[in-house]
Amino acid sequence: MEWNTILLEKEGNIALLTINRPKALNALNPEVLTELGQAVDAISADDEIFVVILKGAGEKAFVAGADITAMKDMTALEGRNFGQLGQEVFKKLEYMPKPIIAAINGFALGGGCELAMACDIRVASEKSKFGQPEVGLGITPGFAGTQRLPRLVGKGRAKELIYTADIIGAADAHRIGLVNHVVPEDQLLEFCKNMAKRIASKGQIAVRLCKSAIDQGLEMDVDKGIAYEAEVFGLCFATTDQTEGMTAFVEKRKPNFTGK
Ligand code: CO8
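Residues numbered from 1 in each chain as written. Predicted model: local features only at pLDDT ≥ 70, side-chain atom pairs only at ≥ 80, totals over all residues. Heavy atoms only, no water.

With an unreviewed UniProt entry as reference, the protein chain is termed short-chain-enoyl-CoA hydratase, source organism Desulforamulus reducens. Under the heading Sequence similarities (unreviewed entry), UniProt records this for the protein chain: "Belongs to the enoyl-CoA hydratase/isomerase family." A UniProt comment under Catalytic activity (unreviewed entry) is attached to the protein chain, and it reads "a short-chain (3S)-3-hydroxyacyl-CoA = a short-chain (2E)-enoyl-CoA + H2O". (UniProt positions renumbered as here; feature names shortened; annotations may be inferred.)

Okay, structure coming up:
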C-alpha cells in the first residue's frame with residue numbers, strides 16, 4: 001500500500017515505519033494520523049512482520065508534535081475529534097500484537113513525545129529532545145500524554161514536564177525513564193535493528209503474549225494481572241514453539257521457532 005506521509009519498508013521480519021513529512025518536522029495532521037492507522041493495520045495483518053521500528057524522516061525530528069497550523073482555527077468540536085483520532089490511532093499502535101521500538105532521532109515534542117510513549121520501547125539519539133509544550137500553546141496534551149507520561153516517569157516528574165512545558169535532552173529523558181537507551185546519532189538505527197533482530201529470533205507467540213500480559217496487566221489490579229499471566233503462560237504449552245524451545249535447550253542447539 002502507498003501513502004503520502006507514511007513509508008513502510010520490510011527488512012526480513014522487521015518493518016521500518018517512517019513518518020514522512022520532514023519539511024514540517026513530521027508534524028501530525030489528520031492525513032498523517034489516518035495513514036499511520038492504516039499502516040498499523042497493514043503491519044498487524046502481515047504474518048512476515050515480527051517487530052516494528054518507528055522513526056521520523058529527515059535529520060531533525062522524530063515528530064515535532066501535532067500540526068499547529070492545522071489546529072490553529074479548529075472549533076471545540078473539531079479539536080475534540082482531532083484529539084480522539086490521535087488517541088485511537090495511538091491506542092491501535094500500542095495494542096497491536098507486535099512489539100514496536102521508537103527510534104527517536106531529534107525532536108519528540110507534544111504529540112511526538114506522546115507517539116513515542118505509545119511504543120513499547122524508546123531508543124533516543126544523543127541530540128534528541130523531549131517535551132510536552134502544549135500549555136505554552138494554551139492547550140493540554142491531547143494524545144494521552146497526561147495518561148502515558150505519569151505511568152512512565154511517575155506523577156511528579158510528569159506534572160513538572162507538563163506544567164512547565166520544559167524541553168529536556170536525551171540524557172535527562174534517560175535519567176527519568178522516558179527512554180530506554182541513548183546512543184550516538186549515527187548508531188541509532190543499527191542499535192534499534194539489532195534489538196529488533198534479537199526479539200525477532202525468539203518465539204513470537206511468547207513475545208506477543210508477554211506484550212499482552214504487561215499491557216493488560218498494568219490496567220488490572222495485581223492479583224488479576226498475575227492470574228492473567230498464568231493464563232498466557234498456560235497457553236504457551238499448547239504451542240509448537242514451546243516444545244521446540246525446550247527441546248532445543250535439552251539438545252544444546254538453537255531453537256527453530258515457527259510461530260505455531
Ligand atoms: N506543527 C506544524 N508545523 C511545524 C511543527 C508543528 N508542530 N513543528 C515544526 N513545524 C514546521 C515549522 O512551521 C517550519 O515550517 P516552515 O519551514 O514552513 O516555516 C518547519 O516545520 C521547520 O520548523 P522550524 O523552522 O520551527 O525549525 P527550528 O529548528 O527552528 O525549530 C522546533 C524546531 C523547536 C521543533 C520548532 O519547530 C517548534 O517549536 N515546533 C513546535 C513544537 C510544539 O509546540 N509541538 C507541540 C504541538 S501541540 C501538540 O503536539 C498537541 C498534541 C495533542 C493534540 C490534540 C488535538 C486536540
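Structure shown, so let's carry the discussion forward.
**Here's the deal with the nonpolar core**
Here is a general trend for soluble globular proteins: nonpolar side chains tend to be buried in one another's company. Of all hydrophobic cores here, the largest spans 48 residues; its most connected members are Leu-54, Phe-62, Leu-93, Ile-104, Leu-115, Phe-130 and Leu-178. When residues in this core are grouped by element, the largest group, six residues, is from helix 1 (residues 30-45). Core analysis: the next-biggest nonpolar cluster, separate from the first, contains 16 residues, Ile-14, Ala-103, Leu-188 and Ile-199 among them. (Core = buried A, V, L, I, M, F, W, Y, C linked by side-chain atoms within 4.5 Å. Buried < 20%, exposed > 50% of the residue type's maximum accessible area, 1.4 Å probe, protein only. Helix = DSSP H or I, 4+ residues; strand = E, 2+ residues; numbered from the N terminus.)

**Digging into the site of the ligand**
Surveying the vicinity of the ligand reveals 24 residues, the closest of which are Lys-60, Ala-64, Ala-66, Ile-68 and Gly-111. Here Lys-60 contributes a side-chain N or O atom positioned 2.6 Å from an oxygen atom of the ligand. In the model, an oxygen atom of the ligand is placed 2.7 Å from a nitrogen or oxygen of the Ala-66 main chain. For the ligand, whose free accessible area comes to 1100 Å², the fraction covered by protein is 62%. Contributions of two or more residues to the shell around the ligand are made by helix 2 (68-71), helix 3 (76-95), strand 6 (107-109) and helix 4 (111-118). With three residues, helix 3 is the single largest residue contributor to the shell around the ligand. When the residues that make up the shell around the ligand are grouped by side-chain class, the tally is 13 nonpolar, six polar and five charged. (Near = heavy atom within 4 Å. Polar contact = N/O pair within 3.5 Å; in protein donor to acceptor, adjacent residues only side chain to side chain. Areas by Shrake-Rupley, 256 points an atom, 1.4 Å probe, with all protein chains shown as cover. Nonpolar A, V, L, I, M, F, W, Y, C, P; charged D, E, K, R; others polar.)

**A few points about the pairing of strand 2 (residues 14-19)**
Buried residues dominate strand 2, accounting for six of its six residues. Residues Ile-14, Leu-16 and Thr-18 point to one face of strand 2 and Ala-15, Leu-17 and Ile-19 to the other, with burial holding for every one of them. One ladder, built from six bridges, connects strand 1 (residues 6-11) with strand 2; its direction is antiparallel. For Ile-6, the partnering residue across the bridge sits in strand 2 and is Ile-19. Bridge count between strand 2 and strand 3 (residues 51-56): six bridges; the pairing is parallel. Each bridged residue has a counterpart across the sheet, and for Leu-16 the counterpart in strand 3 is Ile-53. Each parallel crossover has a hand, and the one from strand 2 via helix 1 to strand 3 is right-handed. (Pairing = 2+ DSSP bridges. Right-handed = clockwise from strand over helix to strand, strands pointing away.)

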